[in-house]
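Tertiary structure, described
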Amino acid sequence: MEKRYIGIDLGGTNIKAGVVTETGSIVSKASVATGSGPHQVVERMIHAAQQAVAEGHLQMRDIESVGIASPGPLSSEQGIVIRSANLPGWHNVPVRDMISQALNRPAFLENDAKSAAYGEFTAGAGADEKITNFILITLGTGVGGGIIYHGRLIRGVSDSAAEIGHMIVNPDGEVCGCGQRGCLELYASASRTGKYAQHLLAIAPSRSSSLRALLEAGVSIGSREVAEHAKMGDELADEVWDRACRYLALACVNAARWLDPQMLALAGGMAGAGDFLLERVKKHFATLNWKMTETKMEIVLATLGNDAGMIGAAALARDAHQQR
Ligand SMILES: [Zn+2]
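One structure accompanies this document, and this report is about it. Here the structure is a predicted model, which means the values were calculated and not measured. (Residues numbered from 1 in each chain as written. Predicted model: local features only at pLDDT ≥ 70, side-chain atom pairs only at ≥ 80, totals over all residues. Heavy atoms only, no water.)

1. As for the overall build of the protein
The following threshold applies: Runs of H or I in DSSP of at least four residues are treated as helices and runs of E of at least two as strands, each being numbered from the N terminus. Each radius of gyration is computed over the set of C-alpha atoms, and the globule rule expresses the reference value as 2.2 Å times the number of residues to the power 0.38. A contact between two residues is defined here by any heavy atoms of the two lying within 4.5 Å. Accessible surface area values rest on a Shrake-Rupley calculation with a 1.4 Å probe, where residue burial reflects the displayed protein chains alone. When charges are counted, neither His nor the chain ends are considered; positive counts come from Lys and Arg and negative counts from Asp and Glu. Lys charges are placed at NZ, Arg charges at CZ, Asp charges at CG and Glu charges at CD.
Each helix and strand in the protein was counted, giving ten helices and twelve strands. A globule of 324 residues ought to have a C-alpha radius of gyration of about 20 Å, and the protein, at 20 Å, matches this closely. Across its three principal axes, the protein shows a C-alpha extent of roughly 65 × 50 × 35 Å. For the protein, the proportion of contacts with a sequence separation of at least 24, taken over those separated by at least 6, is 61%. Surface exposure of the protein reaches about 15000 Å², of which carbon and sulfur atoms provide 50%. Within the protein, one finds 30 positive and 34 negative side-chain charges whose respective centroids are separated by 2 Å.

Shown next as structure tokens:
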């Protein structure tokens, strides 16, 4: 019988929990609304884990350990979520120990994007033994990511390695929520892509675009609408999409310069555009990338979708002893 682990993915809207085998297959899963305030949210995380175990017709004693993927900043070593932009009222919450005690199982805490990266590395796009150096970039409300170097997840000295969304791509750009100027996520996140389209429509009221009708009908424009309209040939939508893809390609070139990995995978809301994202990023990558030697880094789409964080958290719980 394969060993089983629980992965819990704490999101701003939903908490997902799953029982995952040691090879990364999901046995059962459960999802509950996140709620608010640390006490309620942690209770719901525990409930989601218990529900996933029940769904799989298992007992908690059938589970080896529990991995928790949470937005940060956090300390994986101390098991504490320091605070969270998406979870108001959180301040130094000892999530790992609260869950470990309630479920009577060892638990491990990791940043959600790093967990997703580990999930894709172990059971998704990078699940190939030839791939040892791997980067994931997640393109959602913000931009996040994770780096695996020689099979190990890189945390950095203060758990802030791979804050890819906050790599500066324009030092004269606008101020980011983090306090720096011109961070990647101001140019290449799903939410910012929609906002930039709305900005272009607002500053040029006479410019025709099929997106304008959406805006006038009260539809909020996100990256999905931008991609759809760009695919249909709308010039403004294409300009917006192209700009986001170019900045992403810039990040990919820099990633290749820093780490020279075998693979870089794109995930999150914007990756829902599939090849329309991938091909455009690759096109700009080819233009921006150096010509000195061939770059072997393959740029691909992630494959696990919304389950990456959960699967990765479970894999981290599995590998926690080797990792530390
Ligand atoms: Zn920033």
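From this point, the discussion proceeds with the structure in view.
2. Observations concerning the side chain of His229
For clarity, the cut-off: Relative accessibility thresholds used throughout: buried, under 20% of the residue-type maximum; exposed, over 50%; partly exposed, between the two (1.4 Å probe, protein chains only).
Position of His229 among the secondary structure elements: in helix 7 (residues 223–231). Residue classification places His229 among the buried positions, given a relative accessible area of 10%. With residues near it in sequence (within four places) discarded, His229 still touches Ser210, Leu211, Leu214, Asp234 and Ala237.

3. Section: the pattern of salt bridges
Test applied: The salt bridge definition used is simple: a Lys or Arg side-chain nitrogen within 4 Å of an Asp or Glu carboxyl oxygen.
This model, assessed by the stated rule, comprises nine salt bridges. Across the pair Glu239 and Arg207 runs a salt bridge, and its minimum N-O distance is 2.8 Å. On the criterion of sequence distance, the pair formed by Glu239 in helix 8 (residues 235–259) and Arg207 in the loop between helix 5 (190–203) and helix 6 (210–216) is long-range, its members being 32 residues apart. Of the charged contacts, one joins Arg280 and Asp238 as a salt bridge, the two residues approaching to 2.8 Å between their closest N and O atoms. Remark: Asp238 occurs in helix 8 and Arg280 occurs in helix 9 (residues 275–288); sequence separation between them is 42 residues. A relative accessible area of 13% means that Arg280 is categorised as buried.

4. Looking at helix 3 (residues 112–123)
Structural remark: α-helix, 3.6 residues per turn; residues separated by three or four positions point the same way. Note the threshold: A helix is expected to reach a length of 1.5 Å times the quantity of its residues less one. Any pair of nitrogen or oxygen atoms within 3.5 Å is treated as a polar contact; in protein, a donor-acceptor pairing is required on top of that, and neighbouring residues in sequence qualify only through side-chain atoms on both sides.
For helix 3, spanning twelve residues, the distance from its first C-alpha to its last is 16 Å, which sits close to the expected 16 Å at 1.5 Å a residue. A large share of helix 3 lies buried, amounting to nine of its twelve residues. The backbone nitrogen of Ala113 lies 2.9 Å from a side-chain oxygen of the residue at the head of helix 3, namely Asn111.

5. Brief notes about helix 5
Filter applied, for reference: In this context, the arc is that of the directions from the helix axis out to the C-beta atoms.
Compared with an ideal rise of 1.5 Å per residue, which puts 14 residues at 20 Å, helix 5 spans 21 Å between its outermost C-alpha atoms and is within 8% of the ideal. Of the residues making up helix 5, those classed as buried are Ala190, Thr193, Gly194, Ala197, Leu200 and Leu201. Each buried residue of helix 5 lies within a common arc of 120° when the element is viewed along its axis, so the set occupies one face. Exposed side chains of helix 5 directed beyond 90 degrees from the buried face belong to Lys195, Ala202 and Ile203. Turning to helix 5, the residues buried within the fold contact strand 8 (134–139), helix 4 (185–188), helix 6, helix 7 and helix 8.

6. Regarding the pairing of strand 7 (residues 107–111)
Which entries qualify depends on this criterion: In this analysis, strands are considered paired if DSSP registers two or more bridges between them.
Of all the five residues making up strand 7, five are buried; the element is thus mostly covered by neighbouring parts of the structure. With five bridges connecting them, strand 4 (residues 63–70) and strand 7 associate as parallel partners. Residue Ile68 lies in a different strand from strand 7, and its bridge partner there is Leu109.

7. A short note on the coordination of the zinc ion
In plain terms, the rule: Only nitrogen, oxygen and sulfur atoms count as donors, using a 2.8 Å cut-off from the metal that widens to 3.2 Å for Na, K and Ca. Water is left out, so coordination shells may look unfilled. The geometry test gives tetrahedral to four donors whose angles all lie between 85 and 135 degrees, gives square planar to four donors and octahedral to six donors whose opposite members are over 155 degrees apart with all other angles between 65 and 115, and gives irregular to the rest.
Protein coordination at the zinc ion: the donors are His166 (ND1), Cys176 (SG), Cys178 (SG) and Cys183 (SG), at 2.0 to 2.3 Å from the metal. The coordination sphere of the zinc ion comprises four donor atoms, whose angles at the metal cover 106 to 118°; the geometry is tetrahedral. Between the donor residues of the zinc ion, the gaps in sequence give the motif H-x9-C-x1-C-x4-C. Note that His166 is positioned in the loop between strand 10 (152–153) and helix 4 and Cys178 in the loop between strand 10 and helix 4, a separation of twelve residues in sequence.

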